[in-house]
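Below, each chain spelled out in residue letters.
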Amino acid sequence: MKLTGVSLGPGDPGLITRRAWEALTSDARWLYPVKRSGGESYALDIVRRAGLAVPEDAVPLVFPMTRQAEVLERAWQRAAQQVIELARETSEFVFLVEGDASTFATFGHLARTLKAHAPGCTIETVAGVPSFLAAAAAAGVPFAEEDDRVAVIPAAYGIGVIDHLLDEFDTVVLLKVKPLLDEILTLLARRDLLGQTFFCEKVGAPEQRLVRDVATLTGEKVNYLSLLIVRQQGLPRGELRRGCRKKPLEVPS
């Protein structure tokens with residue numbers, strides 16, 4: 001049995017790689033994530049907009065939107081068992097992943113759980129474009145330059161953690177900002193960083209929204225697939241070690 005996590009990029013079907021396209025058009029059976037039974041799949045929406053027909057035997061796997069560890073664990077176990085049952089019919093599967101399969105994605109949990117139940121299975125990951133890189137490109141700003149330090153975290157870590165990271169990193173990416181947006185904007189205003197921040201919602205999708213005047217978002221209910229990128233300049237940094245490390249001198253005996 002082989003399971004391949006196929007990264008589709010965050011929304012623009014033009015960001016589907018050739019390697020991902022090959023996997024999608026192979027004989028492997030499609031698996032795709034949904035939040036609830038019978039629910040829509042954003043990953044399927046991306047491939048549909050790419051012009052691919054969804055196979056009739058494609059199978060949804062339910063991964064509920066919750067932070068309850070027990071609920072998530074049950075979902076991963078259930079999904080892994082589904083794949084094992086389906087392996088009686090076919091041996092190769094592709095799991096559709098919005099964004100990049102290695103970056104804050106459900107695929108890692110599914111692959112790890114499946115491997116625990118079926119140690120002989122092969123796991124492969126097809127790399128893709130994560131949302132924050134696509135957002136930087138859409139905004140026309142560099143994500144990082146030269147020796148910039150970068151931090152990428154879910155905003156759910158809280159204002160205290162975000163405040164600390166802003167002291168240490170030139171680029172700070174805050175993912176899934178919806179629950180804390182007003183608090184984050186208040187923090188950025190206090191630190192005089194509103195002008196160095198941009199917001200992106202559903203990057204690459206037809207509904208993409210890019211906002212540079214982020215203060216206007218105060219009090220607004222934004223989409224779950226939203227992020228903020230703070231690009232600072234002039235932060236102090238320590239001495240950098242460049243080039244190859246020199247070999248220690250040999251001491252003659």
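Residues numbered from 1 in each chain as written. Predicted model: local features only at pLDDT ≥ 70, side-chain atom pairs only at ≥ 80, totals over all residues. Heavy atoms only, no water.

Our next topic: the packing of helix 6 (residues 159–168) against helix 7 (residues 181–190). Where helix 6 contacts helix 7, the axes come no closer than 11 Å and their chain directions differ by 35°. In terms of crossing hand, the pair formed by helix 6 and helix 7 is right-handed. Contacts from Ile159, Ile162, Asp163 and Leu166 of helix 6 reach helix 7 at Glu183, Ile184, Leu187, Leu188 and Arg190. The residue makeup of the contact of helix 6 with helix 7, split by class, is 6 nonpolar, no polar and 3 charged. (Axes fitted to C-alpha atoms, helices over the stretch in contact; angles between N-to-C directions. Helix = DSSP H or I, 4+ residues; strand = E, 2+ residues; numbered from the N terminus. Left-handed = near helix turned anticlockwise from the far one by under 90°. Contact = heavy atoms within 4.5 Å. Nonpolar A, V, L, I, M, F, W, Y, C, P; charged D, E, K, R; others polar.)

Reading across the sheet, the 5 strands line up as 6-7-10-8-9 and stay open at both edges, with mixed pairing between neighbours. The outermost strands of the open sheet, each flanked by one partner alone, are strand 6 (150–154) and strand 9 (209–211). Averaged over neighbouring strand pairs, the angle between their axes works out to 15° when direction is ignored. Here strand 6 pairs with strand 7 (residues 171–175) via 5 bridges, running parallel. Looking across to strand 7, one finds that Ile153 is bridged to Leu174. In the packing of helix 5 (residues 131–139) onto the sheet, contacts are made with strand 6, strand 7, strand 8 (197–201), strand 9 and strand 10 (226–231), and the angle to strand 10 comes to roughly 65°. On the sheet, helix 6 packs against strand 6, strand 7 and strand 10 and is oriented at approximately 170° with respect to strand 6. (Pairing = 2+ DSSP bridges.)

Right, let's get into the pattern of salt bridges. The full count for this structure, using the stated rule, is 15 salt bridges. In this structure, Lys2 and Glu124 form a salt bridge, with 2.8 Å as the shortest nitrogen-oxygen distance. With Lys2 in strand 1 (residues 2–7) and Glu124 in strand 5 (residues 122–126), this residue pair connects regions lying 122 residues apart in the sequence. Residues Glu201 and Arg209 are paired through a salt bridge, measuring 3.4 Å at the closest nitrogen-oxygen approach. Through salt bridges with shared partners, a single network forms among Asp163, Asp167, Arg190 and Arg191. (Salt bridge = Lys/Arg side-chain N within 4 Å of Asp/Glu carboxyl O.)

Take the sheet that holds strand 4 (residues 92–97) next. Reading across the sheet, the 5 strands line up as 3-2-4-1-5 and stay open at both edges, with parallel pairing between neighbours. Either end of the sheet is taken by a strand with one partner, and the two such strands are strand 3 (59–62) and strand 5. Sheet twist, expressed as the mean angle between neighbouring strand axes with direction ignored, is 25°. Of the strand pairs in this sheet, strand 2 (residues 29–34) and strand 3 are connected by 4 bridges, and their pairing is parallel.

As far as function goes, none of this settles anything; it's purely spatial.
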